[in-house]
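What follows is the residue order along each chain.
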Amino acid sequence: MSTRHVLVLDEGTTSTRAVLFDDRSEVVASSALPLAITTHADGRVEQDAAELWSASRSVISEVVATAADGGLDIAALAIAVQRTTTVLWDAETGEPVAPVVNWQDTRAAARAAELSAEWAGRAKAATGLVLGPAHVGLHLDALLTRDPALRDLAEQGRLRAGTPETWIIWNLTGGTDGGVFATSTSCAGSTGLLDLGTGRWWTALLDELGIPAAALPQVLPEDADYGATRPGLVGARIPITGVLGDQQAALYGHGAFRAGTVKCTHGTGSFINFHVGSDPIDAGEGLDCRVAWTTAGSRAHMLEGGSFVTGSAVDWMVNQLGVLSAADRIDSVYAEGEADSGLISIPALAGFAAPHWDATARGMMIGFNRGTTAADVVRATVDGTAHTVVDIIETMARNATTSPKVVMADGGLSRSDALLQSQADLLQIPVVRAAQAEYVTARGAAWCAGIVHGVWAGEEAVSATMAEGQQFTPRMSPEERNVRRQAWQDAVSRNLGWRRARLPESSAQDRQD
């Protein structure tokens, strides 16, 4: 028999990708398609459920065909998926009944604010999550309130709701002809509707929002049996297991199996996940405590925090400021900037996320002088991005009462040596860029599924297949680091609570005249 392989569907926000791994954790085949996303002026961000299913089916089918042509055995299909994105469909017809509400959608912001007085504390205690617009329960509340037809479907017991993996698994396993309606603890735990204490849907909030529990999927461990693909749909019967939220899959894919391990994904923003052990902790300071994964009868939890602006700060420097000609020049231009220019850049272009959670904050630069150059702006912005990550990791360490020994990095902007070196200097611990960083998320899902099917013997065995990444060790002295961190914190204190000055309406009209 040939080497056994694991196929992964890596369902992202703007693309879906199927990746085939061999037992050395190496990629042997892949296929990808873009996913359309529509952003409305009122804050709605929507996708098409039919397209999610069609594109996912297509990329899986292509890699299955490639494997068949090469005589490659596929042991399992795993899924890593964008979280807190909401899909609704009719169980009898199998048709979507509303646009997909993407995780970036803010239509529920006002409802979240309205509920906060009574429910924010209760929600954090029960679910571990901050009550906010990305809450799947609030997505459902908005859809059912606005559309009586959806409410009727719910009352008839025909409405099905879930995050994208639930919709895709249901279709892959037969849809209206006996499809499996299930999700994993890492995906369910990211909806804001899962009670961390019981591992079941939190009925108190469901009742408050008028959401029938029957509309939600069964919650299973990540390594459970999620049925098998129908051969007529993707060309083979493949068992489905290893179903994880994307950030949890990335943590798993770094081999972060022990408490105190941390990963940082640098994309449009940065997601930081900190393994805190088998029990959830009371996360304060704007952090979420989520289920990381449940496998082989045990459960891991993680703290999660993020910054809104990382890769988008680079885009801003290229497209708006013009201080950077192209994103791939970031390291060379950074090197041209003066380390002691005195310029501090706070890239809060969309407000602050964790740990400050200040929507009124805005991007700010302080410390200009007549010698300040475009390269100084680039350098300060990269360092500012590193500072925001350090703020989050230090907050996590306080909450977890343990300090990490190393931070593992992945994501598109982890290609920047300058960013990772700055992060290592400001943290005063090594930062390691994952080998094949673009496949870490998919690899985590593959490992989870492959262990179940004997492709790997266990966590130690999968870790042994992980190629060594590039390590960045601190070059800055602790004294200099402390000076720079104090200057950063001083600048942030001046930024928090910022409110843009608004002229009286009559004065504004006079200016226009």
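The structure under discussion appears in the preceding block.
Described below are features of the structure shown in this document. (Residues numbered from 1 in each chain as written. Predicted model: local features only at pLDDT ≥ 70, side-chain atom pairs only at ≥ 80, totals over all residues. Heavy atoms only, no water.)

**Some remarks on the overall build of the chain**
- Helix and strand counts for the chain stand at 17 helices and 23 strands.
- Expected size for 513 residues packed as a compact globule is a radius of gyration near 24 Å; at 23 Å, the chain falls within 12% of this value.
- Principal axes of the C-alpha set define a box for the chain whose edges measure 70 × 60 × 45 Å.
- Looking at the 513 residues of the chain, the share that counts as buried comes to 55%.
- In the chain, of all internal contacts separated by at least 6 residues, the share reaching a separation of at least 24 is 70%.
- Accessible area of the chain: about 21,000 Å², with a carbon and sulfur share of 49%.
- A distance of 3 Å separates the average location of the 39 positive side-chain charges in the chain from that of its 60 negative side-chain charges. (Helix = DSSP H or I, 4+ residues; strand = E, 2+ residues; numbered from the N terminus. Rg over C-alpha atoms; globule rule 2.2 N^0.38 Å. Buried < 20%, exposed > 50% of the residue type's maximum accessible area, 1.4 Å probe, protein only. Contact = heavy atoms within 4.5 Å. Areas by Shrake-Rupley, 256 points an atom, 1.4 Å probe, with all protein chains shown as cover. Lys, Arg positive; Asp, Glu negative; His and termini not counted. Charge placed at Lys NZ, Arg CZ, Asp CG, Glu CD.)

**Details of the pattern of salt bridges**
- Overall, the coordinates contain 25 salt bridges when judged by the stated rule.
- For the salt bridge of Asp-246 with Arg-83, the shortest nitrogen-to-oxygen distance reads 3.4 Å. Of this pair, Asp-246 sits in helix H9 (residues 246-253) while Arg-83 sits in the loop between strand E6 (73-81) and strand E7 (87-90), and the two are 163 residues apart along the sequence. Accessibility assignment for this pair places Asp-246 and Arg-83 in one class, buried.
- A salt bridge links Arg-158 to Glu-92; the shortest N-O distance between them is 3.6 Å. You can see Arg-158 sitting in the loop between helix H4 (148-156) and strand E9 (159-162) and its partner Glu-92 sitting in the loop between E7 and strand E8 (100-101), a full 66 residues away along the chain. (Salt bridge = Lys/Arg side-chain N within 4 Å of Asp/Glu carboxyl O.)

**A word on the sheet that holds strand E4 (residues 38-39)**
- Here three strands make up an open sheet; going across it, the order is E4-E5-E8 and the pairing antiparallel. Each end of this open sheet is capped by a strand with a single partner; those strands are E4 and E8.
- Alignment of strand E5 (residues 45-47) against E8, held across two bridges, turns out to be antiparallel. The residue of E8 that forms the bridge with Glu-46 is Val-101. (Pairing = 2+ DSSP bridges.)

**What to know about helix H3 (residues 136-146)**
- With respect to burial, H3 is a largely interior element, eight of its 11 residues being buried.
- Within H3, the full set of buried residues consists of Val-136, Gly-137, Leu-138, His-139, Leu-140, Asp-141, Leu-143 and Leu-144.
- Taken together, the buried residues of H3 touch E7, E8, helix H2 (109-127), H4, E9 and helix H7 (203-209).

**Observations regarding the nonpolar core**
- Residues Ile-272, Phe-274, Leu-303 and Val-407 are the most contacted members of the largest nonpolar core, which totals 39 residues.
- Of all the elements in the fold, those that place two or more residues in this core are strand E15 (262-266), strand E16 (270-277), helix H10 (311-321), helix H11 (330-336), helix H12 (374-400), strand E21 (407-410) and helix H13 (417-427).
- If we skip the residues at most four places from it in the chain, Leu-303 touches Ile-272, Asn-273, Phe-274, Val-276, Ile-281, Ala-283, Leu-287, Asp-288, Cys-289, Met-396, Asn-399 and Ala-400.
- Of all hydrophobic cores here, the second largest spans 37 residues; its members include Leu-7, Cys-187, Ala-224 and Val-234. (Core = buried A, V, L, I, M, F, W, Y, C linked by side-chain atoms within 4.5 Å.)

**Here's the deal with the pairing of E7**
- Burial of the side chains of E7 extends over both faces: Val-87 and Trp-89 are buried on one face and Leu-88 and Asp-90 on the other.
- The pairing of E7 with E9 spans four bridges and is classified as antiparallel. For Val-87, the partnering residue across the bridge sits in E9 and is Gly-162.

**Details of the state of the cysteines**
- In the structure shown here, the tally under the stated rule is zero disulfides.
- The closest cysteine sulfur to the non-disulfide-bonded Cys-289 is located on Cys-187, 16 Å from its own sulfur. (Disulfide = S-S within 2.5 Å.)

**Considerations on the packing of aromatic side chains**
- Tallying each qualifying case throughout the model produces eight aromatic pairs.
- Aromatic side chains Trp-167 and Trp-170 sit 6.3 Å apart centroid to centroid with 15° between the ring planes, which places their arrangement in the stacked category. With a gap of three residues between them, Trp-167 and Trp-170 both fall in helix H5 (residues 164-172), about one helical turn apart.
- Residue Trp-167 is classed as buried on the basis of its relative accessible area, which comes to 2%.
- Considering the side-chain rings of Tyr-252 and Trp-293, the 4.8 Å spacing of their centres and the 85° angle between planes classify their relative orientation as edge-to-face. Here Trp-293 lies in strand E17 (residues 288-295) and Tyr-252 lies in helix H9, a separation of 41 residues in the sequence. We note that Tyr-252, like Trp-293, is buried.
- Among the aromatic residues, those joined into a ring-pair cluster are Trp-89, Trp-167, Trp-170 and Phe-181.
- Over the face of the ring belonging to Phe-271 we find Arg-83, whose NZ or CZ atom lies 5.9 Å from the ring centre.
- In this structure, Arg-122 is placed above the aromatic ring of Trp-119, and the distance from its NZ or CZ to the ring centre is 4.0 Å. (Phe/Tyr/Trp six-rings, centres within 6.5 Å; stacked < 30°, edge-to-face > 60°. Lys NZ or Arg CZ within 6 Å of the ring centre and 35° of its normal.)

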